[in-house]
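Structural features, examined
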Amino acid sequence: MENVKHDFLGRTLAVINDLSIQEQLFLYEKTKQLKKKWLEKQDLSEFMINKNVGIYIVFIEPSTRTKESFINAAKFHKKAKVTIFDSNHSSFNKKESYLDTFNMLTGYSDYSIFVIRSKLEGTCRYLEQSVSKFALRNGLPIPSFINAGDGKHEHPTQELLDEFTFLEQNNFDNSFIHIALVGDLLHGRTVHSKVNGLKIFKNVKVDLIAPQEISMPSHYISQMKENGFEVRIFESIDSYLKYGDVANIWYFTRLQLERMGEDILEKEHILRKAVTFQKSYLEKIPDNIKFYHPLPRHKLYPTIPTFLDDLPLNGWERQAINGYWTRIILLSMFGGALKADFDTSKSVKEIKEDFVVKAPIVDGTHGVQKEGKRGIKPIENGTVIDHIAKGKTEEEIYHMIMKIRKILKLYDVDSADGIFKSKDGVFKGYISLPDRYLTKKEIKKLSAISPNVTVNIIKNARVTEKYRITLPPRVYGFEELRCKNENCISHPNNGEGIKGSFIKNKEGKLVCEFCETPHTFEEIWNV
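Residues numbered from 1 in each chain as written. Predicted model: local features only at pLDDT ≥ 70, side-chain atom pairs only at ≥ 80, totals over all residues. Heavy atoms only, no water.

1. Let's talk about the overall build of the protein chain
Each helix and strand in the protein chain was counted, giving 13 helices and 19 strands. Judged by the C-alpha coordinates and their principal axes, the protein chain covers about 85 × 60 × 45 Å. Within the protein chain, the fraction of its 527 residues that count as buried is 54%. Restricting to contacts in the protein chain with at least 6 residues of sequence separation, those with at least 24 account for 75%. Split by element, the accessible area of the protein chain, about 24900 Å² in all, is 49% carbon and sulfur. Looking at the protein chain, you have 77 positive and 69 negative side-chain charges, and the mean spots of the two groups are 2 Å apart. (Helix = DSSP H or I, 4+ residues; strand = E, 2+ residues; numbered from the N terminus. Buried < 20%, exposed > 50% of the residue type's maximum accessible area, 1.4 Å probe, protein only. Contact = heavy atoms within 4.5 Å. Areas by Shrake-Rupley, 256 points an atom, 1.4 Å probe, with all protein chains shown as cover. Lys, Arg positive; Asp, Glu negative; His and termini not counted. Charge placed at Lys NZ, Arg CZ, Asp CG, Glu CD.)

2. Concerning the pairing of strand β12 (residues 416-421)
Pairing between β12 and strand β13 (residues 427-434): six bridges, direction antiparallel. Bridge pairing in β13 places Asp 417 opposite Ile 431. (Pairing = 2+ DSSP bridges.)

3. Overview of the pattern of salt bridges
As enumerated under the stated definition, the model contains 25 salt bridges in all. Salt-bridge contacts for Arg 125 lead to Asp 18; the nearest nitrogen and oxygen are separated by 2.9 Å. One end of the pair, Arg 125, is in helix α4 (residues 123-137); the other, Asp 18, is in the segment before α1 (21-39), with 107 residues separating them in the sequence. With a relative accessible area of 13%, Arg 125 lands in the buried category. Taking the shortest distance from any N to any O, the salt bridge between Asp 245 and Lys 205 comes out at 2.5 Å. Of the two residues, Asp 245 is situated in the loop between α8 (237-243) and β8 (249-252) and Lys 205 in strand β6 (residues 204-209); the sequence distance between them amounts to 40 residues. (Salt bridge = Lys/Arg side-chain N within 4 Å of Asp/Glu carboxyl O.)

4. Re unusual backbone geometry
The omega torsion across Leu 295 and Pro 296 is 0 degrees, close enough to zero to call that bond cis. Mapping Pro 296 onto the fold places it in the loop between β9 (290-292) and α11 (316-334). In this model, Leu 295 sits at a positive phi of 60 degrees, which is unusual for a non-glycine residue. Within the secondary structure, Leu 295 is located in the loop between β9 and α11. If you check the backbone angles, Asn 452 has positive phi at about 70 degrees while not being a glycine. Mapped onto the elements, Asn 452 comes out in the loop between α13 (440-449) and β14 (454-459).

5. Re the packing of aromatic side chains
In the structure shown here, the tally under the stated rule is 25 aromatic pairs. Here the aromatic rings of Tyr 56 and Phe 114 are separated by 5.0 Å at their centres, their planes lie at 20 degrees, and the arrangement is stacked. Here Tyr 56, found in strand β1 (residues 53-59), pairs with Phe 114, found in strand β3 (residues 111-118); they are 58 residues apart in sequence, far enough to count as distant. Phe 114 carries the same exposure label as Tyr 56, and that label is buried. Here the aromatic residues Phe 234, Tyr 240, Tyr 243, Trp 250, Phe 252, Phe 277, Tyr 281 and Phe 291 are joined through ring pairs into a cluster of three or more. The ring centre of Phe 307 lies 5.3 Å from the NZ or CZ of Lys 279, which sits over that ring. Seen from the ring of Tyr 476, Arg 474 lies directly overhead, with NZ or CZ sitting 4.0 Å from the centre. (Phe/Tyr/Trp six-rings, centres within 6.5 Å; stacked < 30°, edge-to-face > 60°. Lys NZ or Arg CZ within 6 Å of the ring centre and 35° of its normal.)

6. Topic: a nonpolar patch on the surface
A cluster of nonpolar side chains, namely Leu 282, Phe 307 and Leu 311, defines an oily patch on the protein surface of about 200 Å² accessible area. Structurally, Leu 311 is set in the loop between β9 and α11. By relative accessible area, Leu 311 is classed as partly exposed at 31%. (Patch = residues over 30% accessible without salt bridge, like charges linked within 9 Å, V, L, I, M, F, W, Y side chains within 5 Å.)

7. A short note on the domain arrangement of the protein chain
Note: interface size is frequently given as the accessible area lost on complex formation between the parts. As far as domains go, the protein chain holds domain 1 (12-154 + 324-335), domain 2 (156-313), domain 3 (357-469) and domain 4 (473-526). Using only C-alpha atoms to locate each centre, domain 2 and domain 3 end up separated by 51 Å. (Domains from an automatic or database assignment.)

8. What to know about the sheet that holds strand β16 (residues 474-476)
Sheet strands associate in pairs through backbone hydrogen bonding, adopting either a parallel or an antiparallel arrangement. Spatially, β16-β17-β18-β19 is the arrangement adopted by the four strands of the open sheet, whose pairing is antiparallel. Two strands close off the open sheet at either side, each with one partner strand: β16 and β19 (518-519). Pairing of strand β18 (residues 510-512) with β19, which is carried by two bridges, proceeds in the antiparallel orientation. Counted as the bridge partner of Val 511 is Pro 518 from β19.

Right, here's the structure in full:
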């Protein structure tokens, strides 16, 4: 069979979904074996990378726990060359290009693994795409990139150690999990990774516990439901305990004040109280419960107070230690030490969808001249864009007409436009372009600017071609595209010169390919 592979060389972990469920379960099984052999003082060489691999620990954002965990996991692989970048003195903080730096580092070893923490979301996805092209141009092996946390986006290696810990608690039975996510669910990248990470369990019940101001973003809740999870929402631990049917796994996160606006910070005390465990709650929880936390806790206001440390519900200490073991195995996989007995080649989904469809021409005479279109004369030759922003207000339609003109650069064309009311009383807009034919590329671009319009090609005063266009499955390659998330690696403010790229989800939103922020089609254009 073609393109079958059993190693993980050249793979990237930018989000937890980059590893299939089968691959994640493989990692957890190998971690289980490693821990057992270590406890029994057996030989561990089968897990060690045994060739010239450069492991670069690049923490552009400060970190202690995750960074030290990765440094020690990398040093387990004695033959690997480990290089550590200090966030305070690294060239990454001197306005130097990310791409140039990682391209350069890729040539220093037979094979490279980059472990990266960055405030810029989508950094690993961008580097995976761009540095791979550099490697192919220069005959170098494609490197691996591991996301050790990017802004408020994801933290997939934390997710790996969390899921392994949950499996340990369940005696490695992945048939069902009932979990409560408690705390700052708006900014907490560790809980965002659980939206897809929990899919390793066949049945999932999730209780979201957070005040509305720091609640889980709606697109993540939608994704959970799409994944088949049962989702319940509560505003505080107190209201959750009164409801009953309490989860046996609780996952707490700290309030990330550094990412909050002034309006939320004014309610800090109320928010903390809602998600902090109190002594009075102890008698209301079941005996078999375990608490987890990605750590570190806030030293003054921990959501899991220190009086809980000596109680049997303390699961966070074993959870933290598991980070060392799971990261050893992840590096073993990406460094070529471990191979699977199944196909590990990354499948690329080919997005196919007809979004520019030829429509039948009922009466081609005089193009689109119809009753109610005052002020527009039939054109002999050219293009008419019809049904613009149908059903919107006149002001919204006008803005859309101007937007189409600006992005398609139609302002220097002798043309007409306007707004009219159809027979059913709905407003819609049009643009008439005498002697100007839109190219196929322009029509495709128009589908992302203003979907659900009709494009009429007029020749000799007759409509010879009619196209109905809808939102395309992917929008990319245009200079005017921009992700609205200012912390995205692709945002112009971050100076990497990356063109925006968006993929349509099942809800019809356009999701940034780098940071996964959802947009409406109106929001992706920088005009």
